[in-house]
Amino acid sequence: MEKDKVISIESLGGPLYSMLRNVLRMVPERDQNDVALQRLLAFRLRIDGEGATREYLMRMIRDMIQCRYTGRLYDFLKNDKLSGACSPQPPAPGDPPETA
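Residues numbered from 1 in each chain as written. Predicted model: local features only at pLDDT ≥ 70, side-chain atom pairs only at ≥ 80, totals over all residues. Heavy atoms only, no water.

## Regarding unusual backbone geometry
Then, in step 1: Positive phi values are uncommon outside glycine, yet Arg 68 reaches one of about 60°.
Then, in step 2: If you trace the backbone, Arg 68 turns up in the loop between α3 (50-66) and α4 (73-78). (Helix = DSSP H or I, 4+ residues; strand = E, 2+ residues; numbered from the N terminus.)

## What about the environment of Leu 77?
Then, in step 1: Looking at the element boundaries, Leu 77 is found in helix α4.
Then, in step 2: In this structure, the C-alpha to C-alpha distance between Leu 77 and Leu 40, residues 37 residues apart in sequence, is 9.1 Å.
Then, in step 3: Not counting the four nearest positions on each side in its chain, Leu 77 is found in contact with Leu 37, Leu 40, Tyr 56, Leu 57 and Met 60. (Contact = heavy atoms within 4.5 Å.)

## Some words on the pattern of salt bridges
Then, in step 1: A full pass over the atoms with the stated rule returns six salt bridges.
Then, in step 2: Put simply, Asp 31 and Arg 30 hold a salt bridge, and the shortest N to O gap is 3.7 Å.
Then, in step 3: Overall, the relative accessible area of 4% leaves Asp 31 in the buried class.
Then, in step 4: Exposure remark for Arg 30: the relative accessible area of 49% places this residue in the partly exposed category.
Then, in step 5: The partner of Asp 63 in a salt bridge is Arg 62, with the nearest N and O atoms 3.5 Å apart. (Salt bridge = Lys/Arg side-chain N within 4 Å of Asp/Glu carboxyl O. Buried < 20%, exposed > 50% of the residue type's maximum accessible area, 1.4 Å probe, protein only.)

## Examining the side chain of Asp 34
Then, in step 1: The residue Asp 34 is located in the loop between α1 (14-24) and α2 (35-48) in this model.
Then, in step 2: Classification of Asp 34 as buried rests on a relative accessible area of 13%.
Then, in step 3: Sequence-distant contacts of Asp 34, that is, excluding residues within four places in its chain, are made with Arg 72 and Tyr 74.

## A closer look at the confidence of the model for the chain
Then, in step 1: Looking at the chain as a whole, its pLDDT mean stands at 80, while 67% of the residues score no less than 70.
Then, in step 2: Mean pLDDT across the elements of the chain bottoms out in helix α5 (residues 80-86) (64) and peaks in α3 (93). (pLDDT = per-residue confidence, 0-100.)

## Points about the packing of α1 against α3
Then, in step 1: At a minimum axis distance of 11 Å, the contact between α1 and α3 shows a crossing angle of 20°. Comparing the axis directions of α1 and α3 gives the class roughly parallel. The chirality of how α1 crosses α3 is right-handed. Where α1 abuts α3, its residues Met 19, Asn 22 and Val 23 lie against Glu 50, Thr 53, Arg 54 and Leu 57. (Axes fitted to C-alpha atoms, helices over the stretch in contact; angles between N-to-C directions. Parallel < 35°, antiparallel > 145°, perpendicular 65-115°, else oblique. Left-handed = near helix turned anticlockwise from the far one by under 90°.)

So this is what it looks like as C-alpha cells:
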C-alpha cells in the first residue's frame, strides 16, 4: 500500500480537521476515539464533503440503532452484510403491495 493513500489523522490540518471534529460529535461516545473510524470519516470528508458525510453517518447510525447493533460503529460501516441485513428489503416482483 502506498503511504500517501493512508490518511494520517495527525497530519490533517485546517478546515478538514475542523470538519472531522464536527462530524465526530455525531458519533456515539464509545466510538469517538476509534482511529480506524476517524480515518474512514476523514476519507469520506475528503471525497464527499461535510454535508454528504453527515447525511451518510446519520443514516447509518439510525440503521445501527434500529438493528439493535451493539458492536463498533466502524465494523457496522465497513461490513455490508451487517448493515444490509437490517435494511428493509424491497418487495419482490409480483408481491402485492402492503396495505395499511
